[in-house]
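Read off the chains here:
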Amino acid sequence: MTAPDAGLCDSCTFAGRQRSARGAEFLRCGLSDRDPAYRRYPPLPVLRCSGHRPIEPARRPGPAGPGQEPTE
Ligand code: SF4
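Undergrad: How should I be thinking about the overall build of the chain in this particular structure?
TA: When you go through the chain residue by residue, the secondary structure sums to zero helices and two strands. Residues classed as buried in the chain amount to 11% of the 72 residues present.

Written as structure tokens, this is what we have:
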């Protein structure tokens, strides 16, 4: 099963996915911990967000895996 489209959250460093005991998946906004203007569990997909901070390319999960240097 693939994760639902989360819009901007898919590429945001503050986003984290959590799974409930029943298997439902939620996206949690880490920015909400320090700024109440952001919802802890935003309705998806998020299409506009002033707090969006792109994940650094080297940290994105992919064929090389998270935290590994990309090869060119
Ligand atoms: S800051 Fe915005 S884009 Fe980033 S996880 Fe929170 S709601 Fe999503």
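Undergrad: What exactly am I supposed to notice about the site of the ligand here?
TA: If you check the shell around the ligand, you find 13 residues, and the closest are Cys 9, Cys 12, Cys 29, Cys 49 and Gly 51. The residue makeup of the shell around the ligand, split by class, is eleven nonpolar, two polar and no charged.

Undergrad: For this particular structure, what's the right way to read the pairing of strand β1 (residues 15–19)?
TA: If a strand is regular, its side chains alternate between the two faces of the sheet. As paired elements, β1 and strand β2 (residues 25–29) share five bridges and run antiparallel to each other. Following the sheet pairing, Arg 19 is matched in β2 by Glu 25. What sits between β1 and β2 in their antiparallel hairpin is a turn of five residues, with Gly 23 showing a positive phi close to 95 degrees.

Rules behind the numbers
Residues numbered from 1 in each chain as written. Predicted model: local features only at pLDDT ≥ 70, side-chain atom pairs only at ≥ 80, totals over all residues. Helix = DSSP H or I, 4+ residues; strand = E, 2+ residues; numbered from the N terminus. Buried ≥ 20, exposed ≤ 12 C-beta atoms within 10 Å, placed from the backbone. Near = placed C-beta within 6 Å. Nonpolar A, V, L, I, M, F, W, Y, C, P; charged D, E, K, R; others polar. Pairing = 2+ DSSP bridges.

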